[in-house]
Structure formats: C-alpha cells, structure tokens
Amino acid sequence: MSRPDKPKTLADWQALAADLTLESRAFIDDAFVDAESGETFDTLNPATGERLARVASCDGPDAEKAVGYARAAFDGGAWSRLAPGRRKKVLLRLADLMEANKHELALLDTLDMGKPVNSSLGDMAGAIGCLRYQAECIDKLYGEVAPTGEETLALVLREPLGVVASIVPWNFPLMMTAWKIAPALAAGNSVILKPSEKSPLSALRLAQLAQEAGLPRGVFQVLPGFGHTVGKALALSMQVDCLAFTGSTGVGKQLMQYAGQSNLKKVFLECGGKSPNLVFADCKDLDGVAQHAAEAIFHNQGEVCIAGSRLLVENSIREAFVEKVLAAAEGMQPGDPLDPESFMGAIVDETQHRRVMDYIRRGVEEGARLRTGGQALEGKGLFISPTVFDGVTPAMAIGREEVFGPVLSVFGFDSEEEAVAMANDSDFGLAAGLWSQDIDRIMRVTRRLASGQVFVNNWAGGDQTVPFGGVKQSGNGRDKSHHSLEEYSELKMVWMSLST
Ligand code: NAD
C-alpha cells in the first residue's frame, strides 16, 4: 500500500499507520539510546489493544545523565547565550519540520492514546502555532532601565532559568508538550521532556525533528518512563532549576514537596479541573447552546482538563434543555479513532477506563439520574458511550471529583446567586462557561467566578495570544502568550554607580 501524503479517509490513515517506523529509545545528549537498565515498557493502542512499541523505561541514572548534559549545554552557552533572533530561527525551523510531518505526528498521538485523528490534527495546529508564536516573541522582549537618579544606572534584565524539566500528561500529548517546551526553549533554557508513559511516541519523533532543526546537543532531551521513577528523579534533582508540569492535582502536590525536599526549584503547575458551565434561561438559541454543552464534555472522550463536566442549568428551562443535550450526545458516539468521521475515540488505557466506569457506578449508587450512556462498548478496544447524569448534587463523587471521561453531571439552579455559589463550590478553578444575553449579568457573574478563564457564549475559546491556566487546586502556571515566557525566565537586577 502506498503512503498517502495527505490522508483524508479511514483507508488513508490505516495505510499511513501501516507504514510507520517508530522511535522508542530515549533521546539523551544528542543520541537515541536505550535506558541504562535496558528496561522497556509497552505502549498499547487503546482502540485495538495491540502493542505499538517497547519503549525505553528511563529511571534515576538516565535522569542524572540527561541533567548533566543539560547543565553543561546551559553553562556552555551555545543556546542560552545565543542571540534571541538566532534561537528564533532554529525554533521556526522546528515548527516547519513539524508542519511537514504533521500527519505522522497526529497519527502517533491517535494510535498511542485513542483520540480521533481529526482532533489530533487540530492539536498539531495548536502545537506548531505555539512554537511559532514563542519563537517570534523572543526577539521582541526588552529589559528595563529603572527610573533612578543620574548617579545610577539600574537595569532589570531577563535571564533564562537553567535546566527545565517538563513533565506532561497524555490527553493532548504533543500540544501540551509544545505549550511547555516552546517558551522554555525560546527563553534560552535547556529542556528535559518527560512524556507520559501512556503516550511517549510523538515526543520521541519530536526529538528527531529537533535534532534535524539544529538545536545544539543537550538543549532538548526526551526521557520516556514512569512518573514514580524518572519523573521523580528529575523532580528531586539538585541540578534542575524548574519543573513545568501539566497533570493531576495529586501529582502536582507531590512535585511541590519534591522541590522543597531538594533545591527549591520553581514549580509551575497546570492541574485538574471540574469546570462549571452555567446556562441561564435568557440565552438565545438553546439548541446551539446544548450542542456546545455536549461538545464541552464529550470532546476528546471527556479527557480534557477544561471539560465542562458540571452543567448548571436554570431550573425554568432545565428539563427541555437536558433533552436537547441528550439529543446532541446521541450524535457523539465513539468510533474508530482513525476514522475522520469519529467524534469520540477510545479511553487511553484500562486503568482510566476502570476509573471512569467506577465513577458511573458511584453516580447511580449515590442517587443521580442516569439519562443516557453509562456503558462500556462491547468488543476489543476501550470505548465508553457519552454519559449524562441529571439531578446531581455537590455531595456526590461525580459532582465534585474530576472523572476525566465522557460523563456529564447536570445541576439545577433558581437564581444567579445560587448559580455562582454552586460554580465556586469546588477545589478546582480552571475554567468556567457562561451562556446569557444579558451584558450586566455577564459582567457580574464573570467577575465573581473563581476561575482562571471564563468563556462567555462559547466553550474553550482561545488562541496563542491569550494565556491559559487555573486558580485554586487547578494550579499556578500560565501557558501560552508572551506571559509564559515570564515563567521560564528570571529577573536580574543590575545597579551601577556612575561618576557624575
Ligand atoms: P498524572 O498527574 O498522572 O501524570 C502527569 C505526568 O506526571 C506524567 O508524565 C506522569 O508520568 C508524571 N508523574 C506521575 N507521578 C509522578 C511523580 N511522582 N513524580 C514525577 N512525575 C510524575 O496526570 P495524567 O493522568 O497524565 O493527566 C491527566 C491530568 O492532567 C488531569 O487531572 C487533567 O486535568 C490534567 N491536565 C491539566 C491541564 C491543564 O492545563 N491544567 C491540561 C491537560 C491535563
């Protein structure tokens, strides 16, 4: 079968998949190598159960080696002291290479973690856009001259941090990676990437492209492996200056402890969510809003940090509105992730599948009304139908905890006051949505929602110009936009005494 350049159909994607050559070794210094221990782990395709590759399982000794090379590269200055405009050129070359290989990169994410391939292609646009944006930013940032007296020249300079360890999750493997590594590299740091053990393949392909783009040796390295082994070793390293993390709140808390136990490295966290989506009776086009509300939870099989998992609906329209959401959910049944027509794909692995099914069982036991879904689909592969519970209360597990699967919890409210209180009654504060035509209400409610971002009459809007991040236990970092460069650089103050 010939390799299609621009796959469009299921058959095209299957042909491309059949023709893939997978890199499964770690990328350390400037070479692809096995783990020091020789250990590997299997990465499986959750849609078929087939093994894709045996991947190098890095651990402490690999972390130590990579940190040494990263530190040497940083101190050597081939990247850290390179003029920003020249760093920009290399990163733009990397973005071009990603663009040229975007079908293959998208396919790797789909095979590794089960998301529909069209959605993975959308992620590639986000990842490439992020590289280009951060590359373009870096030679447009100026330092400051402080407003002191004439006898002094005081400078405020921005400098890279040193060695950054980026630890990322599996739900948007390459896009989350780009959000971390693009500003970190642009700012001049050496970066060690630890992809999730559930989705390491696109990161290793990225390493090949980074090498081809001309990143100097030791500046970008990739260590596949588990969190409790190589992830922990990086987090406890005395030579790592910054941990840039996206993942669960529980692991985020552990990383802060590791930083405290080691060298007080900076820790930027993008963690979990249980995002409320508020629908007021005055909003226009209830059919359209219901479609958005269903997409907000079922996109990416619900494996989205900002999934609109709590749907808060004004009681006067609730019954009719829930019917519309059910109708929308009906059209979002999971299918073959390689089929461009599929809206939902497979759940990433058996552990996550079990976890989601367990939450569904608890929802029923705790008295929520299961309106649709709740089933694991028969046959090979890990698929769960879109699931909607009505009559959920904040006391129920499905009302409070992050399920990270296609499970929507519907709550009712009678007043704006009650809606805001309910929305804010959460440990998380990543995203919130608000649907209304009343501008006064929009401004009142937007200001009162305890959330990193608020989507008004849309869900999940944003582009590279706008930062992304949460409050409360959803984390403390900001990805994207020029603000993310601030996370990966440090202010240095220079006070010069002048003779006058
Ligand atoms: P996770 O926390 O289990 O793992 C994330 C990463 O941390 C993985 O690479 C893992 O190997 C590593 N890790 C695990 N234990 C570790 C340890 N002790 N030391 C060092 N590293 C360790 O999360 P996940 O299951 O991969 O991803 C799902 C979570 O990510 C959800 O909670 C989701 O909300 C969150 N997420 C947040 C955002 C955001 O921007 N806020 C974006 C995507 C996903």
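Residues numbered from 1 in each chain as written. Predicted model: local features only at pLDDT ≥ 70, side-chain atom pairs only at ≥ 80, totals over all residues. Heavy atoms only, no water.

Asker: Help me out: how do you make sense of the environment of Val364 in this one?
Answerer: Tracing the backbone shows Val364 in helix 12 (residues 350-365). Taking relative accessible area as the criterion, Val364 reaches 45% and is therefore assigned partly exposed. Remark: the alpha-carbon pair of Val364 and Gly374, spanning 10 residues in sequence, is separated by 9.5 Å. For Val364, the residues in contact, after removing those within four places along its chain, are Leu370 and Phe389. (Helix = DSSP H or I, 4+ residues; strand = E, 2+ residues; numbered from the N terminus. Buried < 20%, exposed > 50% of the residue type's maximum accessible area, 1.4 Å probe, protein only. Contact = heavy atoms within 4.5 Å.)

Asker: Mind showing me how you'd approach the domain arrangement of the chain here?
Answerer: Much of the literature gives interface size as the accessible area that the parts lose upon coming together. Parsing the chain into structural domains produces domain 1 (10-271 + 475-492) and domain 2 (276-463). The distance between the C-alpha centroids of domain 1 and domain 2 comes to 30 Å. Counting residues at the interface gives 23 residues for domain 1, matched by 29 residues for domain 2. Across the domain 1 to domain 2 interface the summed buried area is about 2100 Å²; carbon plus sulfur atoms make up 61%. The interface formed by domain 1 and domain 2 contains nine residue pairs in polar contact (both at pLDDT 80 or more). (Domains from an automatic or database assignment. Buried area = accessible area lost by both parts, 1.4 Å probe. Polar contact = N/O pair within 3.5 Å; in protein donor to acceptor, adjacent residues only side chain to side chain.)

Asker: Sorry if this is basic, but what is going on with the site of the ligand here?
Answerer: Around the ligand sit 29 residues, and of these Val168, Glu197, Ser248, Cys271 and Glu402 come closest. A distance of 3.3 Å separates a nitrogen atom of the ligand from a polar atom in the backbone of Gly227. In this structure, a nitrogen atom belonging to the ligand sits 2.8 Å away from a main-chain N or O atom of Cys271. For the ligand, the accessible surface in isolation is 850 Å², of which the surrounding protein chains cover 91%. A molecule is said to occupy a pocket when more than half its atoms come within 2 Å of that pocket's grid points, and by this definition the ligand occupies the largest pocket. (Near = heavy atom within 4 Å. Areas by Shrake-Rupley, 256 points an atom, 1.4 Å probe, with all protein chains shown as cover. 1 Å grid on protein atoms, 1.4 Å probe; cavity = no way out; pocket = protein on both sides within 12 Å on 5 of 7 lines; lining within 4 Å. Sits in = over half its atoms within 2 Å of the grid points.)

Asker: Explanation requested: the nonpolar core in the structure shown.
Answerer: A general feature of soluble globular proteins is that nonpolar side chains tend to end up buried together. In this structure, Met98 and Phe220 are the most contacted members of the largest nonpolar core, which totals 99 residues. Among the domains, domain 1 (10-271 + 475-492) and domain 2 (276-463) are the pair contributing at least three residues each to this core. Those residues in contact with Met98 that sit more than four places away from it in its chain are Leu105, Ala127, Ile128, Leu131, Leu174, Leu206 and Leu209. In terms of nonpolar packing, the next biggest core, distinct from the first, is built from 28 residues, Tyr359, Ile398, Val407 and Phe413 among them. (Core = buried A, V, L, I, M, F, W, Y, C linked by side-chain atoms within 4.5 Å.)

Asker: Any chance you could explain the sheet that holds strand 5 (residues 144-145) here in plain terms?
Answerer: Pairing in this open sheet of three strands is antiparallel, and the strands run 5-6-21 from one edge to the other. Strands at the two margins of the open sheet, each flanked by one partner only, are strand 5 and strand 21 (489-497). (Pairing = 2+ DSSP bridges.)

Asker: For this particular structure, what's the right way to read the environment of Val251?
Answerer: Position of Val251 among the secondary structure elements: in helix 9 (residues 249-261). By relative accessible area, Val251 is classed as partly exposed at 32%. Sequence separation of Val251 and Ala328 is 77 residues, and the distance between their C-alpha atoms is 34 Å.

Asker: Even after reading the chapter, I still don't get the packing of helix 14 (residues 416-424) against helix 15 (residues 439-448), so can you show me in this structure?
Answerer: Each pair of packed helices can be described by the angle between their axes along with the distance between the axes. Where helix 14 contacts helix 15, the two axes come as close as 10 Å, and the packing angle between them is 30 degrees. The pairing of helix 14 with helix 15 is recorded here as roughly parallel in orientation. Helix 14 and helix 15 meet at a crossing whose hand is right-handed. In contact with Glu416, Glu417, Val420 and Asn424 of helix 14, helix 15 contributes Arg441, Arg444, Val445 and Arg448. (Axes fitted to C-alpha atoms, helices over the stretch in contact; angles between N-to-C directions. Parallel < 35°, antiparallel > 145°, perpendicular 65-115°, else oblique. Left-handed = near helix turned anticlockwise from the far one by under 90°.)

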